[in-house]
Amino acid sequence: MEAEVEAGEGINPLFWVVVGIALVIFAAVVIRRQVRRVELGRTKIDEAWKKVDKALSERIAALDAMEQALGRAGLVPEARPRLRQAGEALQTNRPQGPRALAEISDQIEGTLAQIYRALPRERLEDLRQAQNRLAQADEELDLVGSQYNELVFLWIKLVQRFPYRLIARRKNLTYPEPFLLPEEDEDFIRRRLSP
C-alpha cells in the first residue's frame, strides 16, 4: 500500500505542465476551427448574394427587353409602364436588402401573369425571344436564390448553437436576410432543409 502511494506522489510536475500545455493547444485548435466555420459560412453567404445580385441584373435587363418588345408589337399598353417601374424598383431598391427585393419580385410575378394573359396566342418572334430571355433569367434567379437561402438558414441554425452564437456576437455578425417573403421562411425550411 505504501508503495502505491509513493508511486502516485512520484509523478513529475513537468508531466502536468505538458498535459496542461497540450490541453490549451487542443482548446485553441478547436476554438479556431469554430471561428473559421462561422467566418467561412458568412463568406459563402456573401459570395452567394453576389450571384443573386448578378441574376437580378439579368432579370432587370430581361424585363426591359420584354417591355420594349411589347412596345414594338403595340401589345398590352396599360401594363408596359408597370413592367418598366418594376424593373426600376428592382434596381433602385437593391440597397434595401433581400427581403425588399423578394417582395418586389413577387409583385413582378403578378404583373407578368396579367401581361401573359393579355397576349395573343400567336406571338411575334421578337416577343417570343424576350419571353424566353425573361424565363431564363427567372430560372437562374430561382436557382441562385434557393442556394443563397439554404446557406442563410444553415448559417443561422449554426450560430444559434453554443459556442457559435458567442463567436458571431463577438465578431459583430448579424443574421443575413433570406431572399424570401417573411411568410415563405417556414415553408422553405420545411421543404429544403428538413431531414
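Because the structure is a prediction, the values reported are computed rather than measured.

K.L.:
Help me understand the overall build of the chain, please; the structure alone is not making it clear to me.
P.N.:
The secondary structure content of the chain amounts to seven helices and zero strands. Each helix (α) and strand (β) of the chain, taken in turn from the N terminus, gives the series α-α-α-α-α-α-α. Against the globule reference of 16 Å for 195 residues, the chain gives a C-alpha radius of gyration of 28 Å, more extended than a compact globule. Dimensions of the chain, computed from C-alpha atoms along their principal axes, come out at roughly 105 × 30 × 25 Å. Counting the 195 residues in the chain, one finds 35% classified as buried. Summed over its atoms, the accessible surface of the chain is roughly 12,800 Å², and 54% of this surface lies on carbon and sulfur atoms. Taking the average location of the 30 positive side-chain charges in the chain and that of its 30 negative ones, the two points are 2 Å from each other.

K.L.:
Even after reading the chapter, I still don't get the pattern of salt bridges, so can you show me in this structure?
P.N.:
Think of it this way: side chains of opposite charge can pair up when their charged atoms draw near. Inspection of every chain in the model, using the stated rule, returns 13 salt bridges. Arginine 59 is paired through a salt bridge with aspartate 138; the nearest N and O atoms lie 2.5 Å apart. Taken together, the positions of arginine 59 in helix α2 (residues 13–73) and aspartate 138 in helix α5 (residues 125–159) put the pair 79 residues apart, joining distant regions of the chain. The burial state of arginine 59 is the same as that of aspartate 138; both residues are buried.

K.L.:
Please clarify how α2 should be interpreted in this entry.
P.N.:
In this model, α2 (61 residues) spans 90 Å end to end at C-alpha, consistent with the 90 Å of a helix rising 1.5 Å per residue. The N-terminus of α2 is capped by asparagine 12, whose side-chain oxygen sits 3.1 Å from the backbone nitrogen of leucine 14. Within two residues after α2, glycine 74 carries a phi angle of roughly 70°, on the positive side.

K.L.:
Is there a simple way to think about the side chain of threonine 111 in this case?
P.N.:
Here threonine 111 lies in helix α4 (residues 98–118). Given the relative accessible area of 12%, threonine 111 is considered buried. Among residues more than four places away in sequence, those in contact with threonine 111 are Arg82 and Leu83.

K.L.:
Sorry if this is basic, but what is going on with the environment of glycine 41 here?
P.N.:
Tracing the backbone shows glycine 41 in helix α2. Assessed through its relative accessible area of 18%, glycine 41 is described here as buried.

K.L.:
Sorry, what's going on with the packing of aromatic side chains here?
P.N.:
Evaluated as defined, the whole model comprises five aromatic pairs. Taking the centre distance of 6.0 Å and the plane angle of 65° together, the rings of tryptophan 49 and phenylalanine 179 count as edge-to-face. A residue pair is termed long-range when its members are at least 10 positions apart, and tryptophan 49 in helix α2 and phenylalanine 179 in the loop between α6 (164–170) and α7 (185–193) qualify at 130 residues. Here the aromatic rings of phenylalanine 153 and phenylalanine 188 are separated by 5.7 Å at their centres, their planes lie at 35°, and the arrangement is tilted. Here phenylalanine 153, found in helix α5, pairs with phenylalanine 188, found in helix α7; they are 35 residues apart in sequence, far enough to count as distant. Put simply, the rings of Trp49, Tyr148 and Phe179 touch in pairs and so form one group of aromatic residues. Note that arginine 42 overlies the ring of tryptophan 155, its terminal NZ or CZ placed 5.3 Å from the centroid.

The rules behind these values
Residues numbered from 1 in each chain as written. Predicted model: local features only at pLDDT ≥ 70, side-chain atom pairs only at ≥ 80, totals over all residues. Heavy atoms only, no water. Helix = DSSP H or I, 4+ residues; strand = E, 2+ residues; numbered from the N terminus. Rg over C-alpha atoms; globule rule 2.2 N^0.38 Å. Buried < 20%, exposed > 50% of the residue type's maximum accessible area, 1.4 Å probe, protein only. Areas by Shrake-Rupley, 256 points an atom, 1.4 Å probe, with all protein chains shown as cover. Lys, Arg positive; Asp, Glu negative; His and termini not counted. Charge placed at Lys NZ, Arg CZ, Asp CG, Glu CD. Salt bridge = Lys/Arg side-chain N within 4 Å of Asp/Glu carboxyl O. Expected span 1.5 Å × (residues − 1). Polar contact = N/O pair within 3.5 Å; in protein donor to acceptor, adjacent residues only side chain to side chain. Contact = heavy atoms within 4.5 Å. Phe/Tyr/Trp six-rings, centres within 6.5 Å; stacked < 30°, edge-to-face > 60°. Lys NZ or Arg CZ within 6 Å of the ring centre and 35° of its normal.

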